[in-house]
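In case you want the letters, here they are:
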Amino acid sequence: MAEFFDKNIETLPRKELKALQLERFKRQARFVYDNVPAYKRKFDAAGVKPSHIRTWGDVKSIPFTTKDDFRDNYPYGLFAAPMDKIARIHASSGTTGKATVVGYTARDLDCWSDCVARFLVSSGASPRDVFQIAFGYGLFTGAFGLHAGCEKIGAAVIPISSGNTERQVKMMIDLKSTALVSTPSYALYIAETLYQSGRGKEDISLRLGFFGAEASTPEMHAILAGRLGIRTNDNYGLSEVMGPGVSGECAEKMGMHIAEDHILAEIVDPDTLEPLPDGERGELVLTTLTKEGIPVLRYRTKDITRLHCEPCPCGRTHARMEKVTGRTDDMLIIRGVNVFPSQIESVLVNMPEVGAHYEITVGRENLTDRLSVKVEVSDGNLLLDFRRLEDLKKRVRGKLRSELQLDVDVKLVEPLSLKRFEGKAQRVIDKREEGKR
Ligand code: DLL
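What you are looking at is a predicted structure, and each value in this text was computed from that prediction instead of being measured.

Engineer: Any chance you could explain the overall build of the chain here in plain terms?
Structural biologist: Check the secondary structure of the chain and you find twelve helices and 21 strands. When the backbone C-alpha atoms are referred to their principal axes, the chain occupies close to 70 × 55 × 40 Å. Within the chain, the fraction of its 437 residues that count as buried is 54%. Long-range contacts, defined as pairs at least 24 residues apart, comprise 66% of the intrachain contacts of the chain with a sequence gap of at least 6.

Listed below in structure tokens is the structure:
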């Protein structure tokens, strides 16, 4: 039987949910217009006023917010609440330039932990669970966000943070952790370290894994589920909107339910910025509906996904977003072909002879882009057998070609030779002068 954290809201009929969202959207728009000069300027420049929003059709007249707005208003320019109401500050470093700084009021923190608690419970967590939180505690929203959600459902928390992987394994065994929270790539590293120490899934008490903060394929989740003997959950979020808790899978694993009473999700065409109907793939755009510290309207996440609004067998009515297949700025354009790293991951992790550890490099030779993939072989002995090695390489290349319609240089390397990640993995190295497009 499906368990709920807050059954009334999680199963609210869609019609009522949509009405609630529209009311909250109007209120949130009025709130930012009155309290954040940068939003007022944007509204005024676009010739819209909060009072113009009456129907869903009016929502699309509201200007988008982007990462640049955070940079331009660094550090506190987008805060809508005065500092005496701000209870917590987080920041995400990003790859370039200034950090994105976000603030939460006490009420924001309470809503945030509710959203996290919902997906924990929907995936089968209970007060009996012992959560090992292997996200880095700090400015990153992952650890504190999950931590508060676990406490809210009454579970025990081990705030071990990320890193020191041998210790993670020791604690997991000694303290009998039943749930692991980390990035999927760190979970893979932890699982590998467990097996390297001569132990396996029968030596641990883990039953659930909550793996978010980066894209991962269903194949990667299947590998983690098998190695650790657990059920995995994917959960999604971003600092600008809340952190973890924006959405998370229920036990049906048919997409991640969005906390729609707190967040409005739209899908737009990333080129035309026109809204796309439910079920079509495009860029996810999110609006906070109840935030006080740093509300955001129509934030362009750059994450690519689809929304499904039909009822879920679990009974929840909130829309589900599919696994994120990539980011608009992650997409590699190689000789005119669009390639997402997740496509490469799906091919590799489906081949048992190669490991789930890989590295993608994009370079340029004679004015032509070249894509190369380094992947570890599962059995190091293979490297001593030239014929079998060449045969495997040919098969990997063939599968990548049929998935990507592109020739890829494949290099098979020794087990354990590629870099391991304790947080978000960085598997793509773009060496082209122009960088990513
Ligand atoms: O990663 C928040 C988070 C922490 C989510 C812990 C889930 C668990 P940021 O560091 O601001 O926040 O990074 C946000 O990470 O725009 C996505 O591109 C990516 N991302 C986060 N979760 C997922 C996921 C946190 N489940 C950016 N699948 C987002 C795919 C994800 N990508």
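Having seen it, we continue.
Engineer: Would you mind going over the site of the ligand with me for this structure?
Structural biologist: In the region of the ligand, 19 residues are neighbours, and Asp 234, Asn 235, Ser 239, Asp 303 and Lys 424 sit closest. Side-chain polar atom of Ser 239 to an oxygen atom of the ligand: 2.4 Å apart, as the coordinates give it. For the shell around the ligand, the secondary-structure elements that each account for two or more residues are helix H7 (141-152) and strand S7 (231-238). Counted by class, the shell around the ligand contains eight nonpolar, six polar and five charged residues.

Engineer: Please clarify how the nonpolar core should be interpreted in this entry.
Structural biologist: It is characteristic of soluble globular proteins that their nonpolar side chains tend to be buried jointly. Counting 66 residues, the largest nonpolar core has Leu 120, Phe 131, Phe 210, Tyr 236, Val 241 and Leu 286 as the members making the most contacts within it. It is helix H6 (residues 106-122) that provides the largest number of residues to this core, a total of eight residues. Every residue in contact with Val 241, bar those within four places of it in the chain, is listed here: Val 246, Ile 263, Leu 286, Thr 288, Lys 291, Val 296 and Tyr 299. With 25 residues, the next largest nonpolar core counts Val 354, Leu 382, Leu 389 and Leu 400 among its residues.

Engineer: Quick question: what am I supposed to make of the sheet that holds strand S4 (residues 156-158) here?
Structural biologist: Sheet strands pair by backbone hydrogen bonding; their relative direction is either parallel or antiparallel. Taken together, the nine strands give an open sheet; going across it, the order is S4-S3-S5-S6-S7-S8-S9-S14-S13, and neighbouring strands pair in mixed fashion. Strand pairing shows two members of the sheet lacking a second neighbour, S4 and strand S13 (307-308), which therefore form its edges. Pairing between strand S8 (residues 243-249) and strand S9 (residues 256-258): three bridges, direction antiparallel. In the strand pairing of S9, Ser 247 is matched with Ile 258. Sitting on the sheet, helix H10 (residues 218-228) is in contact with strand S5 (179-182), strand S6 (208-212) and S7, with an inclination near 135° to S7.

Engineer: So what exactly am I meant to see when it comes to the side chain of His 357 here?
Structural biologist: Counting through the fold element by element, His 357 comes out in strand S18 (residues 354-365). Beyond its immediate stretch of four places on either side in the chain, His 357 contacts Leu 188, Glu 192, Lys 374, Val 375, Glu 376, Leu 418 and Arg 420.

Engineer: Got a minute to help me understand the sheet that holds strand S12 (residues 299-305) in this structure?
Structural biologist: Taken together, the four strands give an open sheet; going across it, the order is S10-S11-S12-S15, and neighbouring strands pair in antiparallel fashion. Each edge of the open sheet is held by one strand with a lone partner, namely strand S10 (263-268) and strand S15 (326-327). Relative to S10, helix H2 (residues 14-35) is tilted by about 95°, and along the sheet it contacts S10 and strand S11 (282-288).

Engineer: Would you mind showing me how to read a nonpolar patch on the surface here?
Structural biologist: Taken together, the side chains of Tyr 76, Met 83 and Ile 89 make up a nonpolar region of the molecular surface, amounting to roughly 260 Å² of accessible area. Within the element layout of this structure, Met 83 appears in the loop between helix H5 (67-72) and strand S1 (86-92).

Engineer: What should I look at first to understand unusual backbone geometry in this one?
Structural biologist: Backbone phi values are negative for most residues with the exception of glycine, while trans is the configuration of most peptide bonds. Following Tyr 74, the chain continues into Pro 75 via a peptide bond in cis, with omega recorded as -10°. Looking at the secondary structure, you find Pro 75 in the loop between H5 and S1. Of note in this structure, Lys 176 is not a glycine but carries a positive phi near 55°. Residue placement: Lys 176 occurs in the loop between helix H8 (165-174) and S5. Given the relative accessible area of 51%, Lys 176 is considered exposed. With a phi close to 65°, Leu 367 is a non-glycine residue in the positive phi region.

Engineer: What should I look at first to understand the domain arrangement of the chain in this one?
Structural biologist: Where the parts come together, the accessible area they lose is often given as the size of the interface. Under the domain assignment used here, the chain contains domain 1 (1-327) and domain 2 (332-436). Listed as interface residues are 24 residues of domain 1 and, on the opposing side, 16 residues of domain 2. Buried surface at the junction of domain 1 and domain 2, both sides included, amounts to about 1,700 Å², of which 57% is carbon and sulfur. At the boundary of domain 1 with domain 2, the tally comes to one salt bridge.

Engineer: Whenever I open this one, the packing of H10 against helix H11 (residues 341-349) confuses me. Can you help?
Structural biologist: For the pair H10 and H11, the least separation of the axes is 8 Å and the interaxial angle reads 40°. Overall, the two elements H10 and H11 adopt an arrangement that is oblique. Of the residues in H11, those touching H10 at Glu 219, Met 220 and Ile 223 are Glu 345, Ser 346 and Val 349. Taken together, the residues of the contact of H10 with H11 break down into three nonpolar, one polar and two charged.

Engineer: I keep staring at the packing of H2 against helix H3 (residues 37-46) and nothing clicks. Help me out?
Structural biologist: Relative placement of two packed helices is described by the angle separating their axes and the distance separating the axes. Where H2 meets H3, the axes come as close as 5 Å, and the angle between the chain directions of the two elements is 110°. Accordingly, the angle class assigned to the pair H2 and H3 is roughly perpendicular. The segment H2 lies against H3, with Ala 29, Val 32, Tyr 33 and Asn 35 engaging Pro 37, Tyr 39, Lys 40, Phe 43 and Asp 44. By residue class, the composition of the contact of H2 with H3 is six nonpolar, one polar and two charged.

Engineer: What should I look at first to understand the environment of Ala 425 in this one?
Structural biologist: Tracing the backbone through its elements, the reader meets Ala 425 in the loop between strand S20 (409-413) and strand S21 (428-430). Once the C-alpha coordinates of Ala 425 and Pro 313 are considered, the two residues, 112 residues apart in sequence, prove to be 33 Å apart. The contacts of Ala 425, once residues within four sequence positions are left out, are Ser 185 and Glu 214.

Quick notes on the rules
Residues numbered from 1 in each chain as written. Predicted model: local features only at pLDDT ≥ 70, side-chain atom pairs only at ≥ 80, totals over all residues. Heavy atoms only, no water. Helix = DSSP H or I, 4+ residues; strand = E, 2+ residues; numbered from the N terminus. Buried < 20%, exposed > 50% of the residue type's maximum accessible area, 1.4 Å probe, protein only. Contact = heavy atoms within 4.5 Å. Near = heavy atom within 4 Å. Polar contact = N/O pair within 3.5 Å; in protein donor to acceptor, adjacent residues only side chain to side chain. Nonpolar A, V, L, I, M, F, W, Y, C, P; charged D, E, K, R; others polar. Core = buried A, V, L, I, M, F, W, Y, C linked by side-chain atoms within 4.5 Å. Pairing = 2+ DSSP bridges. Axes fitted to C-alpha atoms, helices over the stretch in contact; angles between N-to-C directions. Patch = residues over 30% accessible without salt bridge, like charges linked within 9 Å, V, L, I, M, F, W, Y side chains within 5 Å. Areas by Shrake-Rupley, 256 points an atom, 1.4 Å probe, with all protein chains shown as cover. Salt bridge = Lys/Arg side-chain N within 4 Å of Asp/Glu carboxyl O. Domains from an automatic or database assignment. Buried area = accessible area lost by both parts, 1.4 Å probe. Parallel < 35°, antiparallel > 145°, perpendicular 65-115°, else oblique.

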